Amino acid sequence: MKKVETNKLYGHLSALFTVGIWGMTFISTKILLKDFTPFQILFLRFLLGYILLWLVSPKLLKVNTRREEGYFALAGILGIVLYYFLENLALTLTNASNVGIIVSVAPFFTVLLAKVVTLEKRVNRWFYIGFLVSLSGIILISLGSLSVLEIHPTGDVLSLLAAMIWAAYSLVTKKISSFGYNILLATRRTFFYGLLFMLPILFVTGTPTIALEAFTMTNVLNLVFLGAVASAVCFVTWNYSVSKLGAVQASVYIYAVPAITVVTSALFLGEKFTPVIAAGTVLTTIGLFVSERSSGEQKESEQDIQ
């Protein structure tokens, strides 16, 4: 197998592993929201992840230019602060299923933004067909998990903004990968800026104080899962997949998150898994493979972000 093909395979496996873990994070976050604010969860999660990345590789990253440093700061604001804060806040204002549907349109926004920013024009019709098939499946999954369809405008709009933010973060991450830095150290640098920009917001909103009673065994385990696995490990694996596949192709795997969420909820929380949900899961998976066909037929050639 050629080296390029091997790298692509590792990129796909890395993306699949990442969304598999991220599909479980909705459950942990929903549990933690009973005792923590959205911003407290966010800060603790990435603080744990940042500490773990230092323990794994206690090396300094020397950034070559201020321009490159600016990309790390932008990635921290977009992918750490804005995206997760909007998503966590949305979970307090709307159903988790609504958030799952809306955030899963991030690949579509990634394509649109890539066309505008990088002048990328090579995504073909299969991407859009796959998007529609996956979105149909995601809607079925959500309808199957609700007794009635509920719309919560504020929370749903915040979810939509989160999807747009993630699209922008994916393109910035692709740009950072072109600098040639170690992925683990680059991810840690992004975490640093995310935490740095969170500090003033924590103090302004008056949320730095957390009651000791909130640190139950269940909450601690969920925080460790979010911090160590879903943040430290998965941001490294996601950044790796973006570097090997490109922002658009990697983002397609986001379609799988709602399907993974309902399956794991059924397995670990005993939630219902109806024939409608099963059909939605199948459609979502088919849509993912159809969208990937667009990348298989013609290579993504993202140009530098100016």
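Since the model is a prediction, treat every value here as computed from it, not as a measurement.

Novice: Got a sec to walk through the overall build of the chain? Specific residues and values, please.
Specialist: Per the secondary structure count, the chain includes 12 helices and zero strands. In sequence order, the chain lays out its α and β elements as α-α-α-α-α-α-α-α-α-α-α-α. Counting every position in the chain, which comprises 306 residues, the buried fraction comes to 54%. Summarising the internal contacts of the chain: among those between residues at least 6 apart in sequence, 90% fall at separations of at least 24. Accessible surface, the chain: about 14100 Å² in total, of which carbon and sulfur atoms supply 70%.

Novice: Could you give an account of the pattern of salt bridges, with specific residues and numbers?
Specialist: Taken as a whole, this structure holds one salt bridge when the rule is applied. One salt bridge connects Arg189 with Glu69, and the closest N-O pair in it is separated by 2.9 Å. Here the residue Arg189 occupies a position in helix H8 (residues 183-204), and Glu69 occupies one in helix H3 (residues 66-93), the gap between them amounting to 120 residues. Residue classification places Glu69 among the buried positions, given a relative accessible area of 18%.

Novice: Describe the environment of Ile286, listing the residues and the values that go with them.
Specialist: In this structure, Ile286 sits in helix H12 (residues 275-297). With 153 residues separating them along the chain, Ile286 and Val133 place their C-alpha atoms 7.3 Å apart.

Novice: An account of the packing of aromatic side chains is requested, with residue identities and associated values reported.
Specialist: With the rule as written, the count across this model stands at 23 aromatic pairs. When the ring of Trp22 is compared with that of Phe235, the centres are 5.7 Å apart and the planes differ by 65°; the resulting orientation is edge-to-face. Of this pair, Trp22 sits in helix H1 (residues 3-32) while Phe235 sits in helix H9 (residues 217-245); the two residues are 213 residues apart in sequence, bridging distant segments of the chain. Phe235 shares its class with Trp22; the two are buried. Look at Phe179 and Tyr181: their rings are 6.2 Å apart centre to centre, the planes differ by 75°, and that puts the pair in the edge-to-face class. For Phe179, a relative accessible area of 17% puts it in the buried group. On the basis of relative accessibility, which here comes to 16%, the residue Tyr181 falls in the buried class. Of the aromatic side chains, those joined through ring pairs into one cluster are Trp22, Phe46, Tyr83, Tyr84, Trp166, Tyr169, Phe191, Phe235 and Trp238.

Novice: Can you explain the nonpolar core? Please cite residues and give values.
Specialist: Grouped together as the largest cluster of nonpolar side chains are 83 residues, with contacts concentrated most on Phe46, Trp166, Met198, Phe235 and Trp238. Looking at this core element by element, the count peaks at 12 residues for H3. Not counting residues up to four positions away in its chain, the partners in contact with Phe46 are Ile80, Tyr84, Phe191, Leu195, Met198, Ser231 and Phe235.

Novice: Account for empty space enclosed by the protein, naming residues and giving values.
Specialist: If you walk through the whole model with that rule in mind, you get two cavities of 30 Å³ or more. Computed from the structure, the largest cavity encloses a volume of approximately 160 Å³. Trp22, Tyr83, Glu87, Val103 and Val257 are, among the 15 residues lining the largest cavity, the residues nearest its centre. For the lining of the largest cavity, the elements supplying multiple residues, two or more each, are H1, H3, helix H4 (96-103) and helix H11 (256-269). Across the lining of the largest cavity, the residue classes break down as 10 nonpolar, three polar and two charged.

Novice: Go over the confidence of the model for the chain with me, naming the residues and quoting the values.
Specialist: Here the chain averages 80 in pLDDT, while 82% of its residues score no lower than 70. No element of the chain has a lower mean pLDDT than H4, which averages 68, and none a higher one than H9, which averages 92. The model gives residues 297-306 a pLDDT under 50, and that stretch makes 30 contacts with residues more than four places away or in other chains.

Novice: So what's going on with a nonpolar patch on the surface? Which residues, and what values?
Specialist: A cluster of nonpolar side chains, contributed by Leu48, Leu212, Phe215, Val220 and Val224, occupies part of the molecular surface with about 420 Å² of accessible area. Mapped onto the fold, Leu48 is located in helix H2 (residues 38-56).

Novice: So what about the packing of helix H5 (residues 106-117) against helix H7 (residues 153-177)? Which residues, and what values?
Specialist: Close contact between H5 and H7 brings their axes to 8 Å; oriented N to C, the two are set at 50°. Relative to H7, the element H5 is oriented oblique. Every pair of crossing elements has a handedness; the one defined by H5 and H7 is right-handed. Across the interface between the two elements, Ala106, Phe109, Thr110, Leu113 and Ala114 from H5 touch Leu160, Ala163, Met164, Trp166, Ala167, Ala168, Ser170 and Leu171 from H7. Its residues assigned to classes, the contact of H5 with H7 shows 11 nonpolar, two polar and no charged.

Procedures and definitions
- Residues numbered from 1 in each chain as written.
- Predicted model: local features only at pLDDT ≥ 70, side-chain atom pairs only at ≥ 80, totals over all residues.
- Heavy atoms only, no water.
- Helix = DSSP H or I, 4+ residues; strand = E, 2+ residues; numbered from the N terminus.
- Buried < 20%, exposed > 50% of the residue type's maximum accessible area, 1.4 Å probe, protein only.
- Contact = heavy atoms within 4.5 Å.
- Areas by Shrake-Rupley, 256 points an atom, 1.4 Å probe, with all protein chains shown as cover.
- Salt bridge = Lys/Arg side-chain N within 4 Å of Asp/Glu carboxyl O.
- Phe/Tyr/Trp six-rings, centres within 6.5 Å; stacked < 30°, edge-to-face > 60°.
- Core = buried A, V, L, I, M, F, W, Y, C linked by side-chain atoms within 4.5 Å.
- 1 Å grid on protein atoms, 1.4 Å probe; cavity = no way out; pocket = protein on both sides within 12 Å on 5 of 7 lines; lining within 4 Å.
- Points joined across faces, edges and corners; volume = space filled by probe spheres on them.
- Nonpolar A, V, L, I, M, F, W, Y, C, P; charged D, E, K, R; others polar.
- pLDDT = per-residue confidence, 0-100.
- Patch = residues over 30% accessible without salt bridge, like charges linked within 9 Å, V, L, I, M, F, W, Y side chains within 5 Å.
- Axes fitted to C-alpha atoms, helices over the stretch in contact; angles between N-to-C directions.
- Parallel < 35°, antiparallel > 145°, perpendicular 65-115°, else oblique.
- Left-handed = near helix turned anticlockwise from the far one by under 90°.

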